[in-house]
Amino acid sequence: MSDTSAPSPHPSQTGPGNGSATDAGSGSAVPGTLKLTAGITWRLLIVIAGLVVAGYVLDLIFPVVFALFFALLVTAWTQPIMNLINKVLPKVVSMILALLVILTLVVVIVGAVVRSTLNEGPKLVASVESGVTQVQDWLKTGPLQMTDDSMNNLLDQVTTWAKGLATGFLGDVVGALGSVGTLVIAASVFFYGVVFFLMSPQTIWSWLISWMPGRMQTPVNVSGHMAWDAISGYTRGIVIVAFADALLVFIGLLILQVPLAPALAALVFLGAFIPVIGAPIATFFAAIVALAERGPIVALLVIGLTVLVGSFDGDVLQPLVMGKAVSLHPLAIVFAIAAGGITLGIVGALIAVPIAGAIYKVAKYLTGRDPDNPYPPPSTPPAPATAT
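Scoring rules and cut-offs
- Residues numbered from 1 in each chain as written.
- Predicted model: local features only at pLDDT ≥ 70, side-chain atom pairs only at ≥ 80, totals over all residues.
- Heavy atoms only, no water.
- Helix = DSSP H or I, 4+ residues; strand = E, 2+ residues; numbered from the N terminus.
- Expected span 1.5 Å × (residues − 1).
- Buried < 20%, exposed > 50% of the residue type's maximum accessible area, 1.4 Å probe, protein only.
- Axes fitted to C-alpha atoms, helices over the stretch in contact; angles between N-to-C directions.
- Parallel < 35°, antiparallel > 145°, perpendicular 65-115°, else oblique.
- Left-handed = near helix turned anticlockwise from the far one by under 90°.
- Contact = heavy atoms within 4.5 Å.
- Nonpolar A, V, L, I, M, F, W, Y, C, P; charged D, E, K, R; others polar.

### Thoughts on helix H12 (residues 330-366)
Here comes step 1: Its 37 residues give H12 an end-to-end C-alpha distance of only 23 Å, which falls more than 12% under 54 Å, the value for a rise of 1.5 Å per residue.
Here comes step 2: One or two positions beyond H12, positive phi appears at glycine 368, with a value near 75 degrees.

### Considering unusual backbone geometry
Here comes step 1: Here glutamine 257, not a glycine, exhibits a phi torsion of approximately 60 degrees, which is positive.
Here comes step 2: By the element assignment, glutamine 257 lies in the loop between helix H8 (214-255) and helix H9 (261-271).
Here comes step 3: You can call glutamine 257 exposed: its relative accessible area is 55%.

### Observations concerning the environment of leucine 350
Here comes step 1: Counting through the fold element by element, leucine 350 comes out in helix H12.
Here comes step 2: You can call leucine 350 partly exposed: its relative accessible area is 30%.
Here comes step 3: Taking the C-alpha atoms as reference points, leucine 350 and isoleucine 337, separated by 13 residues in sequence, lie 7.4 Å from one another.

### Let's talk about the packing of H8 against H9
Here comes step 1: In contact at an axis separation of 8 Å, H8 and H9 are set at 150 degrees when each is read in the N-to-C sense. The pairing of H8 with H9 is recorded here as roughly antiparallel in orientation. The interaxial crossing formed by H8 with H9 has right-handed handedness. Between H8, through Val239, Ala242, Phe243, Asp245, Ala246, Val249, Phe250, Leu253 and Leu254, and H9, the contact on the second element is made entirely by Ala261, Pro262, Leu264, Ala265, Val268 and Phe269.
Here comes step 2: Taken together, the residues that form the contact of H8 with H9 break down as 14 nonpolar, no polar and one charged.

Written as structure tokens, this is what we have:
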């Protein structure tokens, strides 16, 4: 009679030695939240390591990178004018004329700022010193009752900061370019970059895209166009915003009869290239001049003018001129400017916002949060078969 009972299980399939049970038990012992956090952490560490390596490489060739980026900015200014002239003239002639127009505008604007500064600079310095003296007297005799030592320490800190700010741009550029040979190389890269970016941008971009794997070409292409839209839109718009801010402050100072209005408006124009904080800091000098020349009431009115122009800038002018080029919260803009300033000095503060705007738009697209550009891109349906 055959034994029909089921065979007894092997010891390795039961008890504590069961491998699958152990794996299941050890897996269930790790909370899901910890798994998710660990997964995000190691991915972030890899991304940060990649960014550090990329930053190190870019730092080695910083003059070339700086020249190419500045060539992109000039291209953003020149391209609309070139496209307009190209409707009636050949492309090469349109490029030359557009560059001459941009060069003329830069020379006129810089010349006006320099001339105003030279003509009214000594009086501006005297007015600022007089205003600072009145502020010092108020700090000593007012409710704060600051001592001479505290005042001297505060003045030393402000003086150190002002000197560092005044020499920061030149020092950063000279330090980055270094020798005359490096300057010549950077200038050559800038010149050829502008020419080829204007003459054959699509050819250059298509060549870069062709090196990408097939499944990455569409996302990289869309990301590149979105980054360029952000940088070019900001670069063109900030000039208009700076000019409008300077014009509004100039008109306001004339109405309030504050002296040195042209020089103060020139400071506002330069400060507006650093969004959110640049123009208010520049207008602070106007308030100091107003305090020295017109008294505390007019100085308060100038501060009110600063708030009014800033509100018009942020709520009306920038959305109208820049549109969605830089869709960043003001706090994010301040953070980007601070990070850029710490990393690259005044140069970093000037270029931080367009770069941050480009990164934000690309990240929004790649994470599927951009309704206008869904990611991953929809697959192209196969063409219907034709009857033969």
